[in-house]
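Working through the structure, step by step
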Amino acid sequence: MRLGVNIDHVATVRQARRTFEPNPVFAALIAQQAGADQITLHLREDRRHIQDRDLELIKELITVPINLEMAPTQEMKEIALRVKPDRVTLVPERREEITTEGGLDVVSLKDYLKDFIKAFKEAGIEVSLFIDPQEDQVRASAEVGADAIELHTGEYANLWNDHKFKEAKEEIKRLRRAGELAKSLGLRVYAGHGLTYQNVKEILSLSDIVEELNIGHSIVANAVIFGFERAVKEMLKLIKG
Ligand code: PXP
């Protein structure tokens, strides 16, 4: 199972002060050095975390594949075709949401996406669609010509986090069914959203279908906690000598 490290929330902390630190480009380099198989980032329309310059620098400096999450808009399409990440993952986007809520409704956007995807295929950029584990969404993803799907694990993660383990197991079965169908239709299968150090274990039971997980918030959250003691000590050294 490959790991794509999503570095968005390093930028969230920086944007809280509109300052220079922490730098998500630096985080991407460290993630790569640590063995991440891929760097994932989401350039949102409202630029709430990752900025255009971050994307450009990451593309320039990172050697593992880059997965750009983006809303299927003309603005993002132009940016992606210019920067040329290895993959684009199309996600729904609503300004008021805290994070991506629910998968892309490929069924409703079928004609639009069929056309939208063409330019990426011509440019040799892999196209993945972030969808809920539903049969109709999987079938529509194959029909519009996507190369891959990323299954939304948010529902599973919420159930697990609420200690609803029986329901979480049922959700794993749904993810498996959707993944198996996708594979049978020739799509590659990835997964992500809401995965943590606690709930990731059960997802590994899908490793015969799911090639890759994209994980962001929990890694950044743990980096803050793991690194906090050292950060305080370094500041004390400066202040107290
Ligand atoms: N995959 C997709 C498509 C996402 O939109 C996100 C969140 O940006 C993730 C994975 C990572 O989710 P999390 O930050 O909850 O690990």
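Everything below is about the structure shown above.
Residues numbered from 1 in each chain as written. Predicted model: local features only at pLDDT ≥ 70, side-chain atom pairs only at ≥ 80, totals over all residues. Heavy atoms only, no water.

1. A look at the site of the ligand
Contacts to the ligand come from 13 residues, most closely from E69, E150, G194, G216 and H217. Between an oxygen atom of the ligand and a side-chain N or O atom of N6, the distance comes to 3.4 Å. Within the contact set of the ligand, an oxygen atom lies 2.7 Å away from a backbone nitrogen or oxygen of G216. Here the shell around the ligand is composed, by residue class, of three nonpolar, seven polar and three charged. (Near = heavy atom within 4 Å. Polar contact = N/O pair within 3.5 Å; in protein donor to acceptor, adjacent residues only side chain to side chain. Nonpolar A, V, L, I, M, F, W, Y, C, P; charged D, E, K, R; others polar.)

2. Regarding the side chain of E126
Relative to the elements of secondary structure, E126 occurs in strand 5 (residues 126-131). For E126, a relative accessible area of 16% puts it in the buried group. Each residue touching E126, except ones within four places of it in the same chain, is listed here: D86, R87, V88, D147, A148, R188 and Y190. (Helix = DSSP H or I, 4+ residues; strand = E, 2+ residues; numbered from the N terminus. Buried < 20%, exposed > 50% of the residue type's maximum accessible area, 1.4 Å probe, protein only. Contact = heavy atoms within 4.5 Å.)

3. Here we look at helix 5 (residues 110-122)
The first and last C-alpha atoms of helix 5 sit 19 Å apart over 13 residues, in line with the 18 Å expected at 1.5 Å per residue. Here the buried face of helix 5 lies against strand 3 (66-70), helix 4 (74-83), strand 4 (87-90), strand 5 and helix 6 (135-144). G124, located one to two residues past helix 5, shows a positive phi value of around 75°. (Expected span 1.5 Å × (residues − 1).)

4. Regarding the pairing of strand 7 (residues 188-192)
When you tally the buried positions in strand 7, you get four out of five residues, the bulk of the element. Direction of pairing for strand 6 (residues 148-152) relative to strand 7: parallel, over a ladder of five bridges. Paired with A148 across the strands is R188, a residue of strand 7. Examined bridge by bridge, strand 7 and strand 8 (residues 212-215) share three bridges and lie parallel to one another. Residue pairing for strand 8: Y190 is matched across the bridge by E212. (Pairing = 2+ DSSP bridges.)

5. Describing the packing of aromatic side chains
Applying the stated rule across the entire model yields three aromatic pairs. Between F116 and F120, the ring centres sit 5.6 Å apart and the planes meet at 45°, which makes this aromatic pair tilted. You can see F116 and its partner F120 sitting in helix 5, four residues apart, about one turn around the helix. The exposure class of F120 is buried, given its relative accessible area of 0%. Ring geometry for W160 versus F165: centroids 5.2 Å apart, planes at 70°, classification edge-to-face. (Phe/Tyr/Trp six-rings, centres within 6.5 Å; stacked < 30°, edge-to-face > 60°.)

6. Quick notes on helix 2 (residues 24-34)
Three or more residues of helix 2 are buried, namely P24, V25, A28, A31 and Q32. Along the axis of helix 2, the buried positions cluster into a sector of 120°, meaning they face one direction only. Along helix 2, exposed side chains directed more than 90 degrees from the buried face belong to F26, I30, Q33 and A34. Next to the buried residues of helix 2 lie strand 1 (2-6), helix 1 (8-15), strand 2 (38-42) and helix 3 (52-61). Positive phi appears at G35, one or two residues downstream of helix 2, with a value of about 115°. (Arc of directions from axis to C-beta.)

7. A short note on the layout of surface pockets
Size it by volume and the largest pocket reaches roughly 1,100 Å³. V10, P22, V220, A223 and V224 are the residues nearest the centre of the largest pocket, which is lined by 29 residues in total. Only strand 1, helix 1, helix 2 and helix 10 (217-240) provide two or more residues apiece to the lining of the largest pocket. Here the element with the most residues in the lining of the largest pocket is helix 10; it accounts for eleven residues. For the lining of the largest pocket, the class distribution of residues is 23 nonpolar, five polar and one charged. (1 Å grid on protein atoms, 1.4 Å probe; cavity = no way out; pocket = protein on both sides within 12 Å on 5 of 7 lines; lining within 4 Å. Points joined across faces, edges and corners; volume = space filled by probe spheres on them.)

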